[in-house]
Amino acid sequence: MSPSKFCIALAALFLSGCINQPSGELLTGAVVNVPVSEIAGNHAIFVASTRERASDDKQVFDRGRSATLNFARVNVTVPKIHQVGQIERRKSGKDADPTKYFTATDAVGYETQPEFSKALSADIAARGGRAMLFVHGYNTSFDAGVYRATQIAHDSGYTGTPVLFSWASGGSTTDYVYDKESAAAARDQLEVTLRMLAQSGARRIDIVAHSMGTWVTMEALRQLALTGDRDLGGKLGDVVLASPDIDVDVFKAQMRRYGKPTKPFFLMTSGDDRALKLSGLIAGSKPRLGDYKNAADLAEYGVIVVDLSDAKGGDSFNHTKFADNPQMVKLLGQRLRADDGFASDREVTDRINMLGGGLQ
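Calculation rules
- Residues numbered from 1 in each chain as written.
- Predicted model: local features only at pLDDT ≥ 70, side-chain atom pairs only at ≥ 80, totals over all residues.
- Heavy atoms only, no water.
- Axes fitted to C-alpha atoms, helices over the stretch in contact; angles between N-to-C directions.
- Helix = DSSP H or I, 4+ residues; strand = E, 2+ residues; numbered from the N terminus.
- Parallel < 35°, antiparallel > 145°, perpendicular 65-115°, else oblique.
- Left-handed = near helix turned anticlockwise from the far one by under 90°.
- Contact = heavy atoms within 4.5 Å.
- Buried < 20%, exposed > 50% of the residue type's maximum accessible area, 1.4 Å probe, protein only.
- Pairing = 2+ DSSP bridges.
- Right-handed = clockwise from strand over helix to strand, strands pointing away.
- Nonpolar A, V, L, I, M, F, W, Y, C, P; charged D, E, K, R; others polar.

A. Up close: the packing of helix α2 (residues 113–126) against helix α4 (residues 176–198). The geometry of α2 relative to α4 is characterised by a closest axis approach of 10 Å and an angle of 50° between their N-to-C directions. When the axis of α2 is compared with that of α4, the two are oblique. Crossing geometry of α2 relative to α4 is assigned as right-handed. Here Gln113, Phe116, Ser117, Leu120 and Ile124 of α2 lie close against α4, whose contacting residues are Val192, Met196 and Leu197.

B. Molecular detail of the pairing of strand β7 (residues 236–242). Among the seven residues in β7, seven count as buried, and that is most of the element. As judged from the five bridges shared by strand β6 (residues 204–210) and β7, these two strands associate in the parallel manner. Of the residues in β7, the one forming a bridge with Ala209 is Leu241. Taken together, the three bridges between β7 and strand β8 (residues 265–269) define a ladder with parallel strand orientation. Bridge pairing in β8 places Leu241 opposite Leu267. Of the crossover connections in this fold, the one passing from β7 over helix α6 (residues 248–258) to the parallel β8 is right-handed.

C. Region of interest: the sheet that holds strand β2 (residues 61–79). In spatial order, the strands read β3-β2-β1-β5-β4-β6-β7-β8-β9; together these nine strands make up an open sheet with mixed pairing. Strands at the two margins of the open sheet, each flanked by one partner only, are β3 (103–110) and β9 (303–307). Strand after strand, the sheet turns through a mean of 20° between neighbouring axes, direction not considered. Strand direction decides the pairing type here: β8 and β9, joined by five bridges, are parallel. If you follow Leu267 over to β9, its bridge partner there is Val305. Where helix α3 (residues 142–156) meets the sheet, it contacts β1 (39–53), β2, β3, β4 (130–135) and β5 (161–166), and its direction lies at approximately 140° from that of β1. The strands that helix α10 (residues 326–336) touches are β4, β6, β7 and β8; relative to β6, the one it contacts most, it runs at about 155°.

D. Inspection of the packing of α4 against helix α5 (residues 213–226) at higher detail. Contact geometry for α4 and α5: axes closest at 8 Å, N-to-C directions at 55°. Considering their axes alone, α4 and α5 lie oblique with respect to each other. Read as a crossing pair, α4 and α5 show a hand that is right-handed. On α5, the residues that touch Ala183, Ala184, Ala186, Arg187, Asp188, Leu190, Glu191, Leu194 and Arg195 of α4 are Trp215, Val216, Thr217, Glu219, Ala220, Leu221, Gln223 and Leu224. Here the contact of α4 with α5 is built from residues that sort into ten nonpolar, two polar and five charged.

In short, shape yes, function no, at least from these values alone.
This is how it looks when you write it as structure tokens:
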């Protein structure tokens, strides 16, 4: 790729405010006291992270890389005025008002993995033995990752334990190369996190990964396969790869090593995903998996391709449709709850597989 094309791609990413995640303090200190009736939900998000602990306690974790896993639990409230698919974020200078915004009310850090595992296991047991691991993508600050995990858990109606794996994304559009290397550095620790979840008493572990986070996820799953434990002792549930920022040939190689999954992986693509088109330009005009048109080719590897090209996105780059399209996030929740009596496994799978022409 020529230097001029690379600069153009980076400039386009920089100018696209839609994928530039807002970043800043997660904890604000003083929170406005409000009636419980004005709160739609209160969620405990468990966090395993390869980020460094922040010097500012209000940030919890920053953009720097940690050689070891760090752990926390963040409690987040969702306002009653919340609209499905949106994240109502407080703007700088505004009061932390839980009736208007997603609000992190407190965060608890864990010094050791056993301490974290004990708290995690207790929550999983109290919530029916289910855990959903969310792996965020490129250009995601820690606070943005926490709020996205909260929004997915809330809007999908997920009743299990939500867990965020937050790798050390720089949280800036100009950090694409830094993020790629941070993602590579995080894959071993994601494998550790998945094994920890399998040992936590969870009977089922679902994975929802987005953008560059899908590459980290596939690498961790590939590593599990190499050890002969690709499905975590039968506990691995659904694997959802949303807008995957992976080279198509790399994905095929990963799947060949992993093998055809017992339960199909869900691959959510969109032909109008402008973020992936720019990523492909940076990669030398190679197609990204989330922008790949040959669904039949991918089906041979045991994946169900869900084409969201006709669905409306929440931003002009159309890169987060899996979470910000109200119908999609609700159907995703139905899929994740399929074995808990909400609907038959096959019924929900078929409905998701036919999403292409059904979402507005």
